[in-house]
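# Descriptive structure summary
Chain residues, written in single-letter form:
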Amino acid sequence: MRMESSVAAQGLGSAVSRKESVTLGQCAGGPWHPREGSLPAVRHPAMSIMGVGKSRKGAEAAVEAVFTVCGILAVAAAAAIALYMIVSGFPAIRKVGIKEILLGTQWKPTAEQPRYGILYVVLTSLGGTILALLTGVPVGILTAVYLAEFSGRKRAGLVRGAIELLAGIPSVVYGLLGIYLLTPLVYRLERKIFQGSDTHRYTGGACLLSAVLVLALMMLPTVISVSEASIRAVAPGIREASLALGATRIQTVFRAVLPSARGGIATAAVLGAGRAVGEAMAITLVSGGSVNLPFPFSSVRFLTTAIVSEMGYARGTHRQMLFAIGLVLLVFVMGINGAVGRILRKGED
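Rules behind the numbers
- Residues numbered from 1 in each chain as written.
- Predicted model: local features only at pLDDT ≥ 70, side-chain atom pairs only at ≥ 80, totals over all residues.
- Heavy atoms only, no water.
- pLDDT = per-residue confidence, 0-100.
- Helix = DSSP H or I, 4+ residues; strand = E, 2+ residues; numbered from the N terminus.
- Contact = heavy atoms within 4.5 Å.
- Axes fitted to C-alpha atoms, helices over the stretch in contact; angles between N-to-C directions.
- Parallel < 35°, antiparallel > 145°, perpendicular 65-115°, else oblique.
- Left-handed = near helix turned anticlockwise from the far one by under 90°.
- Nonpolar A, V, L, I, M, F, W, Y, C, P; charged D, E, K, R; others polar.
- Phe/Tyr/Trp six-rings, centres within 6.5 Å; stacked < 30°, edge-to-face > 60°.
- Core = buried A, V, L, I, M, F, W, Y, C linked by side-chain atoms within 4.5 Å.
- Buried < 20%, exposed > 50% of the residue type's maximum accessible area, 1.4 Å probe, protein only.
- Patch = residues over 30% accessible without salt bridge, like charges linked within 9 Å, V, L, I, M, F, W, Y side chains within 5 Å.
- Areas by Shrake-Rupley, 256 points an atom, 1.4 Å probe, with all protein chains shown as cover.
- Salt bridge = Lys/Arg side-chain N within 4 Å of Asp/Glu carboxyl O.
- Expected span 1.5 Å × (residues − 1).

## Concerning the confidence of the model for the protein chain
Residues of the protein chain with pLDDT of at least 70 account for 83%, and the chain-wide mean is 83. Within the protein chain, the lowest mean pLDDT, 44, falls on helix α1 (residues 2–28), and the highest, 94, falls on helix α7 (residues 208–232). The model gives residues 1–39 a pLDDT under 50, and that stretch makes 16 contacts with residues more than four places away or in other chains. When the criterion is pLDDT under 50, residues 46–50 qualifies, and its contacts beyond four places in sequence or with other chains add up to zero contacts.

Here it is as structure tokens:
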């Protein structure tokens, strides 16, 4: 029995050694001759470290070149737009005069003696944007706080779905909803406030107030998304330290979390302002379209609506003035982008 067991052990050991040698031969890429009853031969091609390095360097160089070209195209597109606006709008600025354009209060481009003052239009864009920020940013921040700190998973998913839906609605749909739902309510309020007035010009609800409310609603998705991301990025230790000192959850949010996320929240507000400044179609439908001082119940015209409503029939100096208005709008947008960059740099520091 001992002899038989030793012979069996030797046979098993030799089989294992043959299997190990076959496995090592496969891994080394060397030749291997299959025997009867063994696994089929699998040859692994010899891999060269230099070959892999060269192909990887080539792929990285190609991808880097693609990224570089994309960056150059983006800069070239922005420069081309700015150059086109300058070339098209500067003749009107030289002809009419920058003082008459920015300080003039009369916009009568088709009169016998044309007037091209856009002071009221500029004030309307500035005032409407500020009022929309004062209306929409607090609502957006409080919604972001709810999503990041207080809502459950199901409720947060429901609210985020609604926010994504708001972000995907075309601006012309906002304008149509404003005409059929918002302006009748604003007109009722206008009639109650100015009942018996002999000097007020009724707008039918198409006024600055309606435009501000539509702009505030349109900027909500941007403000909520950016603010929520900033609140979630606050270190957990800040919350834990505040709670450990005896602060309530509400106190922790408003005295510890939000101050820590103020850079991102400021960025959200500036991006919302950019959305408000650049909006045209929805505002055209609910603002009234008249050049007046920006009072809440006055029919007004924004910079964007001036371009949209008159570009179809403008000719000569009138058309050049619309491009000059586009230049003013471009300066506004550049200022907003500069403010975003400054806020981000302060946050990094």
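Here the narrative resumes.
## A closer look at the packing of helix α4 (residues 119–150) against helix α10 (residues 262–278)
Running from N to C, α4 and α10 cross one another at 135°; their axes reach a closest spacing of 10 Å. Judged by the angle between their axes, α4 and α10 are oblique. The chirality of how α4 crosses α10 is right-handed. On the side of α4, the interface is formed by T129, L133, V137 and I141, while α10 contributes I265, A269, G272, A273, A276 and V277. Across the contact of α4 with α10, the residue classes break down as eight nonpolar, two polar and no charged.

## Thoughts on the packing of aromatic side chains
Geometrically, a pair of aromatic rings is defined through the distance of the ring centres and the angle of the planes. Scanning the model with the defined rule gives four aromatic pairs in all. Summarising the aromatic geometry, the rings of Y84 and F323 are spaced 5.7 Å apart at their centres and angled 80° between planes, so their arrangement reads as edge-to-face. Of this pair, Y84 sits in helix α2 (residues 49–96) while F323 is found in helix α13 (residues 317–348), placing the two residues 239 residues apart along the sequence. Considering the side-chain rings of F194 and F297, the 5.7 Å spacing of their centres and the 80° angle between planes classify their relative orientation as edge-to-face.

## Side note on the nonpolar core
Formed by 34 residues in total, the largest nonpolar core has its most connected members in V145, V214, L215, I231, L258 and F302. For this core, the secondary-structure elements that each account for two or more residues are α4, α6 (171–193), α7, α9 (249–260), α10 and α11 (281–286). With nine residues, the single largest contributor to this core is α7.

## Focus: a nonpolar patch on the surface
A surface patch of nonpolar side chains, amounting to about 720 Å² of accessible area, comprises V172, V173, L176, L177, Y180, L181, M281 and V308. Take the nonpolar patch: its biggest share by element is six residues, from α6. Mapped onto the elements of the fold, L176 is located in helix α6. A relative accessible area of 40% places L176 in the partly exposed class.

## Quick look at the pattern of salt bridges
Within this structure, the stated rule accounts for five salt bridges. For R275, the salt bridge is made with E279, and the minimal N-O distance between the two is 3.9 Å. Of the residues examined, E279 reaches a relative accessible area of 8% and is grouped as buried. Across the salt bridge formed by E310 and R301, the nearest N and O atoms sit 2.3 Å from each other. Residues participating in the shared-partner salt-bridge network are R160, E228 and R232.

## As for the side chain of S230
Here S230 lies in helix α7. Look at S230 and you get buried, because its relative accessible area is 16%. Setting aside residues up to four positions removed in sequence, S230 forms contacts with A261, G264 and I265.

## Structural notes on the packing of helix α5 (residues 153–168) against α7
Where α5 contacts α7, the axes come no closer than 9 Å and their chain directions differ by 135°. Judged by the inter-axis angle, α5 sits oblique to α7. For the pair α5 and α7, contact is made by R160, I163, L166 and A167 and by P221, I224, S225, E228 and R232, respectively. When grouped by side-chain class, the residues that make up the contact of α5 with α7 number five nonpolar, one polar and three charged.

## A look at the environment of Q106
Following the sequence through the fold, Q106 ends up in the loop between α3 (98–103) and β1 (107–108). In this structure, the C-alpha to C-alpha distance between Q106 and Y116, residues ten residues apart in sequence, is 6.5 Å. If we ignore the near neighbours within four places in the chain, the residues touching Q106 are R115, Y116 and G117.

## Some words on α9
Here α9 is twelve residues long and its end C-alpha atoms lie 15 Å apart, about the 16 Å a rise of 1.5 Å per residue gives. Turning to α9, its buried residues number three or more, namely T252, V253, A256, V257 and L258. Taken together, the buried residues of α9 touch α4, α7, α8 (236–244) and α10.

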